[in-house]
Amino acid sequence: MKHTALVAALVMLTLTACDKKPSQEPFVPTPMSSSSGFLPAGHPPVNNDEKAMPVDESKIAQTQKATVVSIIDIPQFTYLEVTQDNQTRWLAASTIAAKKGDVIQFDNGSTLENFNSKALNRTFPSITFVNRASIVKGK
């Protein structure tokens, strides 16, 4: 008899807990501003009071130049090993038809340390993701 009363009490407690309905309004996280000042094309506004301005990538300052040492192309991206100021570094950009020996120009971008590319199954000690890169002088 004690067991039956205990089981009945647990069942009632469980059913009572299930009566709570989830909130009718969806959870919307607080937007964070972009640290670089630019948002990707098509990104929604970061503040409900602002309208998202489309980014004209042709206006992004390409202040750096380097010579291409090697290229790895994957869909939508090109990984470029370049020499700049007698140092070798890696860049990642939207697909670009660069060849070994080409001089490219690019913006400052964002550098990540120990970046693991799942597509290449490779970890880069340091890589800079640039918004825009273009060929200045071909080989």
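For the structure itself, look to the data block above.
Parameters and conventions
Residues numbered from 1 in each chain as written. Predicted model: local features only at pLDDT ≥ 70, side-chain atom pairs only at ≥ 80, totals over all residues. Heavy atoms only, no water. Phe/Tyr/Trp six-rings, centres within 6.5 Å; stacked < 30°, edge-to-face > 60°. Helix = DSSP H or I, 4+ residues; strand = E, 2+ residues; numbered from the N terminus. Buried < 20%, exposed > 50% of the residue type's maximum accessible area, 1.4 Å probe, protein only. Pairing = 2+ DSSP bridges. Contact = heavy atoms within 4.5 Å. Core = buried A, V, L, I, M, F, W, Y, C linked by side-chain atoms within 4.5 Å.

Asker: Can you walk me through the packing of aromatic side chains in this structure?
Answerer: Any aromatic ring pair is given by two values, namely how distant the centres are and how the planes are angled relative to each other. A full pass over the atoms with the stated rule returns three aromatic pairs. Relative to Phe-124, the ring of Trp-90 has its centre 5.1 Å away and its plane inclined at 65°; by these criteria the two rings are edge-to-face. Here Trp-90 is found in strand β3 (residues 87-94), whereas its partner Phe-124 is found in strand β6 (residues 122-129), with 34 residues between them in sequence. Like Phe-124, Trp-90 is buried. Judged by centre distance (5.0 Å) and plane angle (80°), the rings of Phe-115 and Phe-129 are edge-to-face. One end of the pair, Phe-115, is in strand β5 (residues 110-117); the other, Phe-129, is in strand β6, and 14 residues separate them in sequence. Pairwise contacts between aromatic rings join Tyr-79, Trp-90 and Phe-124 into one cluster.

Asker: Can you help me understand the pairing of strand β1 (residues 64-74) in this one?
Answerer: Both faces of the sheet carry side chains from a regular strand, because those side chains alternate between them. The pairing of β1 with strand β4 (residues 103-106) spans four bridges and is classified as antiparallel. Of the residues in β4, the one forming a bridge with Ala-66 is Ile-104. The sheet contact formed by β1 and strand β2 (residues 77-84) spans seven bridges and is antiparallel. Pairing of Ser-70 across the sheet is with Glu-81, part of β2. Connecting the antiparallel pair β1 and β2 is a turn made up of two residues, with Gln-76 showing a positive phi of about 75°.

Asker: Explanation requested: the side chain of Ser-134 in the structure shown.
Answerer: Mapped onto the secondary structure, Ser-134 falls in strand β7 (residues 133-137). With residues near it in sequence (within four places) discarded, Ser-134 still touches Gln-62, Ile-96, Val-103, Ile-104 and Gln-105.

Asker: Got a minute to help me understand the nonpolar core in this structure?
Answerer: A general feature of soluble globular proteins is that nonpolar side chains tend to end up buried together. Core analysis: the biggest nonpolar cluster contains twelve residues, these being Ala-66, Val-68, Leu-80, Val-82, Leu-91, Ala-93, Ile-96, Ala-98, Ile-104, Phe-106, Val-130 and Ala-133. Among the elements of the structure, β1, β2, β3 and β4 are those that each provide at least two residues to this core. In this structure Phe-106 touches Ala-61, Gln-62, Thr-63, Gln-64, Lys-65, Ala-66, Gln-84, Arg-89, Leu-91, Val-130, Arg-132 and Ala-133, once residues within four positions along its chain are discounted. Core analysis: the second largest hydrophobic core is formed by six residues, Ile-74, Tyr-79, Trp-90 and Ile-127 among them.

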